[in-house]
Amino acid sequence: MEERFEKIYTQGKLNIMEIWVDKETGVQYVYHLSGYAGGMSPLLDTEGKPLLADLSKLNGAE
């Protein structure tokens, strides 16, 4: 089974921030991890709509 999410960006060592893309919908999510706590939320544009990735540019694109 192919994985649904792909990590496209990461920064940090102790306080980690990553951007993940849902390969089915193109919606981008920000994930933040600090110590034992973490959370994930969709990235939104100025109108409050989810940011969408160009799915044709992802590593696993056909």
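Residues numbered from 1 in each chain as written. Predicted model: local features only at pLDDT ≥ 70, side-chain atom pairs only at ≥ 80, totals over all residues. Heavy atoms only, no water.

*Asks:* How would you summarise the overall build of the protein chain if you had to cite specific residues and measurements?
*Replies:* Across its full length, the protein chain holds zero helices and four strands. Sequence-ordered secondary structure for the protein chain, helices as α and strands as β, is β-β-β-β. Put simply, 23% of the contacts in the protein chain that link residues at least 6 apart link residues at least 24 apart. Counting every atom, the protein chain has about 4,900 Å² of accessible surface; 55% of that belongs to carbon and sulfur. Both charge centroids of the protein chain, one from 6 positive and one from 10 negative side chains, sit 5 Å from each other. (Helix = DSSP H or I, 4+ residues; strand = E, 2+ residues; numbered from the N terminus. Contact = heavy atoms within 4.5 Å. Areas by Shrake-Rupley, 256 points an atom, 1.4 Å probe, with all protein chains shown as cover. Lys, Arg positive; Asp, Glu negative; His and termini not counted. Charge placed at Lys NZ, Arg CZ, Asp CG, Glu CD.)

*Asks:* Please provide a residue-by-residue account of the pairing of strand S3 (residues 28-34), values included.
*Replies:* Of the pairings in the sheet, the one linking strand S2 (residues 15-22) to S3 comprises seven bridges and is antiparallel in character. If you follow isoleucine 19 over to S3, its bridge partner there is valine 30. Counting the residues in the hairpin turn of S2 and S3 gives five residues, including glycine 26, whose phi is positive at 85 degrees. Where S3 lies against strand S4 (residues 37-42), six bridges are found, and the strand directions are antiparallel. Its bridge partner lying in S4, leucine 33 is registered against glycine 38. Taking the residues that link successive antiparallel strands as the turn, the S3-S4 hairpin has two residues, and the phi of glycine 35 there is positive, at about 65 degrees. (Pairing = 2+ DSSP bridges.)

*Asks:* Give a description of the confidence of the model for the protein chain that names residues and reports values.
*Replies:* In the predicted model, the protein chain carries a mean pLDDT of 92, and the fraction of residues at 70 or more is 94%. The spread of mean pLDDT over the elements of the protein chain runs between strand S1 (residues 5-11), the lowest at 95, and S3, the highest at 97. (pLDDT = per-residue confidence, 0-100.)

*Asks:* How would you explain the pattern of salt bridges if you had to name every residue and give the values?
*Replies:* For the coordinates displayed, the defined rule picks out five salt bridges. The partner of glutamate 2 in a salt bridge is lysine 23, with the nearest N and O atoms 3.3 Å apart. With glutamate 2 in the segment before S1 and lysine 23 in the loop between S2 and S3, this pair connects stretches of sequence that are 21 residues apart. Look at lysine 23 and you get partly exposed, because its relative accessible area is 22%. Here aspartate 22 makes a salt bridge to arginine 4, at a shortest N to O gap of 2.8 Å. (Salt bridge = Lys/Arg side-chain N within 4 Å of Asp/Glu carboxyl O. Buried < 20%, exposed > 50% of the residue type's maximum accessible area, 1.4 Å probe, protein only.)

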